Amino acid sequence: MQRDKFIDYLSAEKRFSDHTIISYSSDIDQFFVFILDNFKIENDILEVNFQIVRSWIAYLLEKGISPRSVNRKISTLRTYFKFLIREGIIQESPMLRVVSPKAKKRLPLFIEESQIEELLDKVRFEEGFIGDRNKLILELFYVTGIRLSELINIKITDINLDNNVIKVLGKRKKERLIPISLGVTEGVRLFIEKYNINGYLFTNLDGRQVYTKLVYRIVNRYIGKISSINKKSPHILRHTFATHMLNNGADINAIKELLGHANLTATQVYTHNTIEKLKSVHK
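An account of the accompanying structure is given in this report. (Residues numbered from 1 in each chain as written. Predicted model: local features only at pLDDT ≥ 70, side-chain atom pairs only at ≥ 80, totals over all residues. Heavy atoms only, no water.)

With respect to helix α10 (residues 234-247)
Compared with the 20 Å implied by 1.5 Å per residue over 14 residues, the 20 Å span of α10 between its first and last C-alpha is a close match. Across the 14 residues of α10, eleven count as buried, placing the element largely inside the fold. The complete set of buried residues in α10 reads P234, I236, L237, R238, H239, T240, F241, A242, T243, H244 and L246. At the C-terminal side of α10, G249 shows a positive phi close to 95°. (Helix = DSSP H or I, 4+ residues; strand = E, 2+ residues; numbered from the N terminus. Expected span 1.5 Å × (residues − 1). Buried < 20%, exposed > 50% of the residue type's maximum accessible area, 1.4 Å probe, protein only.)

Here it is as structure tokens:
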């Protein structure tokens, strides 16, 4: 069913991130298991039709899978069948009549500005390299809105201290330049000079690049000191960056570019938080 070739296509041509490819792989494998167990389809993808896909969607919803997660799986199938059409294996996608279930809109969680000020100005960090590193990690997340994977992969060569910009590699290997303030630039400069940093900006004491779970734990620990918010992840700081930018009058198109969003729709979700704030002020 061209499963491996499809995954190679996602990596080489679509240039999806490793995390996205893992999700797509899981979705496809789940679909293959379903059609084998319920329709005895093992090798002939031509047997898959609209009714079978609709049965899978109904099965997922009956299992209690959220509409948001189901829609992601539907997106995976759409991409998969488009790939098969491109390869000349099928003539028409069975996804054409598929209607995605409505997902309840969730407003992005964020941290209040006063809490961020407390985090960066009042919270005590460890003395020495670990404390300085952890504080700079939190600061860069907040002032740039970058993703966890982008922060981890920042190298010294990606930082232009003279022009106050950092280059990051985003989704689909797209590079973008993000401006930083003079204060943050000076903080980065002092950190590099003080600890003679080479290679990656953020490392452990042994000089090895920090890893995802470590950074997640750092963010979780320190956000817990100033906020009772349920999710204490690096992505919350990304949401916080975008929300605070909008609240302070930044242009939404500029925020889109800073976040590295492919289209404006992904950025517009933050306007709802701003509207909710206006409503509360009005009340």
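Some points on the packing of helix α6 (residues 129-144) against helix α8 (residues 182-195)
Following both chains from N to C, one finds α6 and α8 inclined at 150°, their axes separated by 11 Å at the closest point. When the interaxial angle is binned, α6 and α8 end up roughly antiparallel. In terms of crossing hand, the pair formed by α6 and α8 is left-handed. Within the contact between the two elements, α6 uses F129, D132, R133, L136, E139, L140 and V143 and α8 uses V184, V188, F191, K194 and Y195. (Axes fitted to C-alpha atoms, helices over the stretch in contact; angles between N-to-C directions. Parallel < 35°, antiparallel > 145°, perpendicular 65-115°, else oblique. Left-handed = near helix turned anticlockwise from the far one by under 90°. Contact = heavy atoms within 4.5 Å.)

Considerations on the sheet that holds strand β3 (residues 175-179)
Within the open sheet, the three strands sit side by side as β1-β2-β3. Their pairing is antiparallel. With partners counted over all chains shown, the strands left at the sheet margins are β1 (159-160) and β3, one partner each. In this sheet, strand β2 (residues 165-169) lies alongside β1 in antiparallel orientation, the contact comprising two bridges. The residue bridging I159 from the neighbouring strand is I166, located in β2. (Pairing = 2+ DSSP bridges.)

Quick notes on the packing of aromatic side chains
This structure, assessed with the given rule, holds 16 aromatic pairs. Considering the side-chain rings of F6 and Y80, the 5.2 Å spacing of their centres and the 75° angle between planes classify their relative orientation as edge-to-face. Placement of the pair is F6 in helix α1 (residues 3-12) and Y80 in helix α4 (residues 67-86), with a sequence separation of 74 residues. Each member of the pair, F6 together with Y80, is buried. Centre to centre, the rings of F32 and Y80 are 5.9 Å apart; their planes meet at 70°, and the pair counts as edge-to-face. Of this pair, F32 sits in helix α2 (residues 18-39) while Y80 sits in helix α4; the two residues are 48 residues apart in sequence, bridging distant segments of the chain. Each member of the pair, F32 together with Y80, is buried. Feature note: the residues F6, Y9, F31, F32, W56, Y80, F81 and F83 constitute an aromatic cluster, connected by ring pairs. (Phe/Tyr/Trp six-rings, centres within 6.5 Å; stacked < 30°, edge-to-face > 60°.)

With respect to the nonpolar core
Ranked by size, the top nonpolar core spans 50 residues in total, and within it F141, L201 and V215 carry the most contacts. Looking at this core, the elements with two or more residues in it are α5 (113-121), α6, α7 (148-152), β2, α8, α9 (212-226), α10 and α11 (252-259). One finds F32, I35, I45 and L84 within the second-largest nonpolar core, a separate group that totals 31 residues. (Core = buried A, V, L, I, M, F, W, Y, C linked by side-chain atoms within 4.5 Å.)

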